[in-house]
Amino acid sequence: MSTTPTAAVDAWWQAMQDRDPAALAALTLPDYLSSGGPAGRSLGREALLAEAEAFFAGARIDEWTVSDLEVRRHGEVAVCSYSWHESGVHQGTPFVMAGLATDVLVHRDGHWLHQAHHVSPLPS
């Protein structure tokens, strides 16, 4: 589990690279929200896990980076904004993606958990 917002962001991307739905489940709150990803908008942890499983079935992330991470703490909530870059293979075709992301994290039981994740892809 993640004891800092920065560690939670890194753990998220590592879980994606590791194709680890159990880690994603442990990093998110049940009422998780997402927008800007492949499905456009996801409501709830179960929707996230279904989308992740579908992605993992035909894709892999070989490398990822997070840079320019800014964390704004508001008590038990942290808003994290950063640039991301990832590369890998999807359905047998190499891909490279980059963009801006904002994560909202909530501190519960000593761990930072994802409440929301928003990505805005940048043009290649």
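Quick note: structure is the one above.
Before going into details, it helps to say that this report is about the structure given with it. (Residues numbered from 1 in each chain as written. Predicted model: local features only at pLDDT ≥ 70, side-chain atom pairs only at ≥ 80, totals over all residues. Heavy atoms only, no water.)

Our focus in this paragraph is the side chain of Glu-86. The topology assignment puts Glu-86 in strand β4 (residues 77-90). One buried charged residue, Glu-86, forms no salt bridge at all, with the nearest opposite charge on Arg-60 at 11 Å. Beyond its immediate sequence surroundings of up to four residues, Glu-86 is in contact with Trp-13, Ile-61, Glu-63, Trp-64, Phe-95, Val-96 and Met-97. (Helix = DSSP H or I, 4+ residues; strand = E, 2+ residues; numbered from the N terminus. Buried < 20%, exposed > 50% of the residue type's maximum accessible area, 1.4 Å probe, protein only. Lys, Arg positive; Asp, Glu negative; His and termini not counted. Salt bridge = Lys/Arg side-chain N within 4 Å of Asp/Glu carboxyl O. Contact = heavy atoms within 4.5 Å.)

Looking at where Gly-40 falls in the secondary structure, it is placed in the loop between β1 (28-35) and β2 (41-43). Along the backbone, Gly-40 and His-118 are 78 residues apart, and their C-alpha atoms lie at a distance of 9.7 Å. Each residue touching Gly-40, except ones within four places of it in the same chain, is listed here: Ser-34 and Ser-35.

The backbone phi angle of Asp-68 is positive, close to 55°, even though this residue is not glycine. With phi around 50°, Asp-109 is a residue other than glycine that occupies positive phi space. As for its placement among the helices and strands, Asp-109 is situated in the loop between β5 (93-108) and β6 (111-121).

Sheet strands pair via backbone hydrogen bonds, and the direction of the pair is either parallel or antiparallel. The sheet built from 6 strands is open, its strands ordered β2-β1-β6-β5-β4-β3 with mixed pairing. Bordering the open sheet on either side are β2 and β3 (59-74), each of which pairs with just one other strand. Between one strand and the next, the sheet's axes are offset by a mean angle of 20°, whatever the strand orientation. Sheet topology places β3 next to β4; 13 bridges connect them, and they run antiparallel. Bridge pairing in β4 places Thr-65 opposite His-85. Helix-sheet contacts for helix α1 (residues 5-18) involve β1, β3, β4, β5 and β6, and the interaxial angle to β3 is about 165°. Strands in contact with helix α3 (residues 45-58) are β1, β2, β3 and β4; relative to β1, the strand with the most contacts, it is inclined by about 65°. (Pairing = 2+ DSSP bridges. Axes fitted to C-alpha atoms, helices over the stretch in contact; angles between N-to-C directions.)

Looking now at the pattern of salt bridges. What the rule picks out here adds up to 2 salt bridges. Of the charged contacts, one joins Arg-60 and Asp-62 as a salt bridge, the two residues approaching to 2.6 Å between their closest N and O atoms. Since its relative accessible area comes to 34%, Asp-62 is described here as partly exposed. Among the salt bridges present, the one from Arg-72 reaches Glu-70, with a minimum N-O distance of 3.0 Å. Taking the relative accessible area as the measure of exposure, Arg-72 reaches 46% and is therefore partly exposed. Residue classification places Glu-70 among the partly exposed positions, given a relative accessible area of 41%.

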